Amino acid sequence: MHVVSLSGSPSASSRSAWLLHQAAERVGARADSFHPIDLRRLPAEALLAGDARHPALRAAIEPVLAADLLLVATPIYKAAYSGLLKVFIDLLPADALRHTTVLPLATGGSPGHLLALDYALKPVLSALGARHILDAVYGLDAQLPRHADGHYTLADELAQRLDRALAGLFEPTRRAVAVPC
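Remember, it's a predicted structure, so these values are computed and weren't measured experimentally.

About the cut-offs
- Sequence order sets the numbering: in each chain, residues are counted from 1 along the sequence as written.
- Reporting of local features is limited, given that this is a predicted model, to residues whose pLDDT is at least 70; pairs of side-chain atoms are given and counted only at 80 or more, and all residues count toward the totals for whole chains, interfaces and linings.
- The side-chain quantities take in all heavy atoms of the structure and omit both hydrogens and water.
- Any carboxyl oxygen of Asp or Glu that lies within 4 Å of a side-chain nitrogen of Lys or Arg is treated as forming a salt bridge with it.
- Buried means the residue's accessible area, taken with a 1.4 Å probe over protein chains only, is under 20% of the maximum for its type, while exposed means over 50%, and partly exposed covers the values in between.
- Put simply, a nonpolar core is a bunch of buried Ala, Val, Leu, Ile, Met, Phe, Trp, Tyr and Cys residues held in one set by side-chain atoms that sit within 4.5 Å of each other.
- Numbering of helices and strands starts at the N terminus; helices are DSSP runs of H or I of at least 4 residues and strands are runs of E of at least 2.
- Any pair of residues with heavy atoms lying within 4.5 Å of one another is described as a contacting pair.

### Some words on the pattern of salt bridges
In total, this model carries nine salt bridges according to the counting rule given. The residue Arg 41 makes a salt bridge to Asp 38 at a minimum N-O spacing of 3.4 Å. Residue Asp 95 pairs with Arg 98 through a salt bridge whose shortest N-O separation is 2.7 Å. Taking relative accessible area as the criterion, Arg 98 reaches 30% and is therefore assigned partly exposed. Here the salt bridges share partners, and the residues they tie into one network are Asp 38, Arg 40 and Arg 41.

Next up, the structure:
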C-alpha cells in the first residue's frame with residue numbers, strides 16, 4: 001500500500017501536522033511506501049499561479065495520484081480548511097482520487113468548526129473522485145496541548161477517534177484500500 005500524507009498547515013509547528021504525524025505513524029508500519037508532503041514548503045508563486053507543470057509541484061502531485069491511502073490534514077480557519085490546501089487541491093486533475101482511500105484530519109479552536117470537514121473538505125474530495133472517505137477526525141486545540149519542547153500530546157479521546165477511523169483499513173474481512181493489479 002502506497003501512503004501519502006498532505007499537511008495543509010502554513011505553520012511550521014502546528015496541531016494539524018502533529019495529528020497527521022500520529023495518523024502516519026499508525027499506518028506506516030503496514031505501508032509499502034510512505035510519502036509525506038508538506039504543502040508549506042512548495043513554491044508559493046507556482047502554487048498561486050496554478051502552475052501544475054512546475055517541477056516542485058509535479059513532484060508533489062504525482063505521489064498523490066499514485067496513492068492508495070491519502071491522509072489530508074488541515075487547520076480550520078474561519079470555518080474553512082486552509083487556503084494552502086485549497087490551492088494545492090485545485091491543481092489535481094478531475095478524478096485524481098478515484099481509486100484512493102482518504103482520511104480527512106483537521107484541528108480547530110472550537111467544536112463549531114467540526115462541520116467544516118463535512119461541508120467543505122469532504123465535498124471537494126468527493127468531487128475529485130474519492131469514493132472511500134474514512135470517518136474524519138477533528139481535534140480541538142485543547143485535545144492537543146503543546147509542551148515546552150514544542151511537541152504536542154494527543155488526548156486519549158482524540159487518539160481513540162483516530163484509531164477507530166483507521167481500524168477498517170487493516171481488518172482482513174474488510175479491505176478498504178484497493179490493491180493495484
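### What about the nonpolar core?
With 34 residues, the main nonpolar core has Leu 6, Val 64 and Phe 88 as its most contacted residues. Elements with a contribution of two residues or more to this core: β1 (2–7), α2 (44–49), α3 (55–66), β3 (69–77), α4 (83–89), β5 (101–108) and α5 (115–127). Broken down by element, this core gets its largest block of residues, five residues, from α5. Each residue touching Val 64, except ones within four places of it in the same chain, is listed here: Val 4, Leu 6, Ile 37, Leu 70, Phe 88, Leu 92 and Leu 97. By size, the runner-up hydrophobic cluster in this structure holds 25 residues, among which are Val 3, Val 27, Tyr 152 and Ala 165.

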